[in-house]
Every structure is written in C-alpha cells, then in structure tokens.
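Spelled out from the first residue to the last, the chains are:
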Amino acid sequence: MLWNWDFAFSILPQILAALRITISATAVGFVLAMALGLLFTLLVRSKIGAIAMLSRGFMQFIRNTPLLVQLYFIFYVFPTFGLSLEPFSAGVIGLGVHYSTYLSEVFRSGIDAIPKGQWEASKALNFGKVQTWGKIILPQAVPPIIPVIGNYFITMFKETPLLSAITLLEIMQTAKVIGASTFRYFESFTIVGILFLLLSYSSSKLIRHLEVKLNTGH
C-alpha cells in the first residue's frame, strides 16, 4: 500500500512537536505585526513630513520585496553587522515586519472610516490624544476590520513553511527531514497538509465568531 498507517502514527508525535513551533511563530509574529502595523499607521499620519515620508517609503519597500528574501537578509546578512539571531527570533521578526506593512493599511482603512464628528466630539470633551485613540477611535475602527485582520493571520500561518529556509525546524521542515531520512514523503506531507487545513479552518470559524460578537456589541 502507498499509505502506511503504522509509519504515519510513528511520525505523528514528531510532527505535532514541530507544530507547536509553527503556532508559536505565527502567534508571536502576528502580535508583532499588529503592534508595528498600528505604529506605522500613526507614523504615516504624523504632521512631521519627514517621518510620514520615511514610513511610507519603508512600507513600500517591504511590500515590494519577497518575504523569503527578507528572511534571508535578517538571518544571514544581519550577523555581518554584528546582529546574530536565532532562527525563531529571525523568523518572528521577518513575519512581523512584513505583515505589519499590510496591517497598517488595514488599520488606516478602519480609521479613515470613522466619521469626522467623532474626532470633533473628542475635542469637545477635551480628550487628549491617548484618550481619543483609546476610547473613541480604535474601539470603533477595529471591529469592522476584524475579517481582514483574520485573513492576514491565516495567510501568515500558511506561510510559516518559508521559515525552513532559515533552518527553523517548523512543521514543513520536519516533514522534509522525515521524508529525506525514510524516503517516505507521502505520509509526512499528507499529515502536514491536513493539520494546516484543520487549523486554518478552525481559525476562520473563530475569526468569524469574533467578528459577529464584536460588531454586535459595536
């Protein structure tokens, strides 16, 4: 038989162990992407022209270069300048910075959709910038963009196999190693594909639930 159940069950613990690394890289990378994305959104809106221009230029550069090239640069070129990173750290930074430039546009669209009257109301209430953003703008801007944010989260999860290029032993790299050592690729790659499908589908359902709940409350 092409499929061997005994072999599949024997490699499953090894693949599940690597799955924890994949999930961790996705979660930490996405938190970084969210934080940097919001920061870039604010920097682009800066009244200081040089800051706004540099922020736009940086985001355009990141968006228009491949993620794989950026990962190689962070992991293999940064040590030339005295900054050596572990594969996990390099991967998280690469994912976070890359996707932050896209999430910045998502945040921008949500913020731009806020009616002008809301900004005027914050001034009338004598709110400072922190209060305005924290109590008025972001609570209204985020719920409508949850689906897009969720899509980027799932996309990031599905792109974690790129981290194998910088020697991170995530789920896809583990499947490759198993295949190379046993000359059986069918089981390992099939298990990985099923795990990606199950987790992506579960994430999409969770995001949909969160969207409904937040927008209902909103």
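Please read all numbers here as calculations on a predicted model, not as lab measurements. (Residues numbered from 1 in each chain as written. Predicted model: local features only at pLDDT ≥ 70, side-chain atom pairs only at ≥ 80, totals over all residues. Heavy atoms only, no water.)

Sorry, what's going on with the overall build of the protein here?
Looking only at helices and strands, the protein features eight helices and zero strands. Expressed along its principal axes, the backbone C-alpha trace of the protein runs to roughly 75 × 45 × 25 Å. Out of the 218 residues in the protein, the part that is buried amounts to 39%. Residue pairs in contact within the protein that sit at least 24 positions apart in sequence constitute 76% of those at least 6 positions apart. For the protein, the centre of its 16 positive side-chain charges and the centre of its 9 negative side-chain charges are spaced 12 Å apart. (Helix = DSSP H or I, 4+ residues; strand = E, 2+ residues; numbered from the N terminus. Buried < 20%, exposed > 50% of the residue type's maximum accessible area, 1.4 Å probe, protein only. Contact = heavy atoms within 4.5 Å. Lys, Arg positive; Asp, Glu negative; His and termini not counted. Charge placed at Lys NZ, Arg CZ, Asp CG, Glu CD.)

Explanation requested: the layout of surface pockets in the structure shown.
To find leftover empty space, one rolls a probe the size of a water molecule over the atoms. Estimated volume of the largest pocket: approximately 510 Å³. In terms of lining residues, the largest pocket is bounded by 13 residues, among which R45, K47, W119, K129 and W133 are the most central. For the lining of the largest pocket, the secondary-structure elements that each account for two or more residues are α5 (116-124) and α6 (129-159). Residue contributions to the lining of the largest pocket peak at four residues, all from α5. Taken together, the residues of the lining of the largest pocket break down into four nonpolar, four polar and five charged. (1 Å grid on protein atoms, 1.4 Å probe; cavity = no way out; pocket = protein on both sides within 12 Å on 5 of 7 lines; lining within 4 Å. Points joined across faces, edges and corners; volume = space filled by probe spheres on them. Nonpolar A, V, L, I, M, F, W, Y, C, P; charged D, E, K, R; others polar.)

Got a minute to help me understand a nonpolar patch on the surface in this structure?
A cluster of nonpolar side chains, contributed by L68, Y72 and Y76, occupies part of the molecular surface with about 270 Å² of accessible area. Along the chain, Y76 turns up in helix α3 (residues 67-77). Using a relative accessible area of 42% as the deciding quantity, one classes Y76 as partly exposed. (Patch = residues over 30% accessible without salt bridge, like charges linked within 9 Å, V, L, I, M, F, W, Y side chains within 5 Å. Areas by Shrake-Rupley, 256 points an atom, 1.4 Å probe, with all protein chains shown as cover. Salt bridge = Lys/Arg side-chain N within 4 Å of Asp/Glu carboxyl O.)

It is not clear to me how the packing of helix α1 (residues 5-44) against helix α4 (residues 87-112) should be interpreted in this structure. Could you clarify?
Relative orientation and spacing of two packed helices are given, respectively, by the angle between their axes and the distance between those axes. Taken N-terminus to C-terminus, the directions of α1 and α4 make an angle of 45 degrees; their axes are 5 Å apart at the nearest point. As the angle between them shows, α1 and α4 are arranged oblique. Here the hand of the crossing between α1 and α4 comes out right-handed. Counted by class, the contact of α1 with α4 contains 19 nonpolar, seven polar and one charged residues. (Axes fitted to C-alpha atoms, helices over the stretch in contact; angles between N-to-C directions. Parallel < 35°, antiparallel > 145°, perpendicular 65-115°, else oblique. Left-handed = near helix turned anticlockwise from the far one by under 90°.)

Honestly, the packing of α1 against α6 in this entry has me stumped. Any pointers?
Where α1 contacts α6, the axes come no closer than 11 Å and their chain directions differ by 140 degrees. Here α6 runs oblique to α1, going by the angle between their axes. Considering only the axes of α1 and α6, their crossing is right-handed. Of the residues in α6, those touching α1 at T22, T26, G29, F30, A33, M34, L38 and L42 are W133, L138, I149, Y152, F153, M156 and F157. Among the residues forming the contact of α1 with α6, the class breakdown is twelve nonpolar, three polar and no charged.

What should I look at first to understand α3 in this one?
Owing to its 3.6 residues per turn, the α-helix brings residues three or four apart onto one side. Taken together, the buried positions of α3 are occupied by L67, Q70, L71, I74 and F75. Looking straight down α3, one finds that the buried residues subtend no more than 120 degrees of arc, so they occupy a single side. Each element contacted by the buried residues of α3 is listed here: α2 (49-63), α4 and α6. (Arc of directions from axis to C-beta.)

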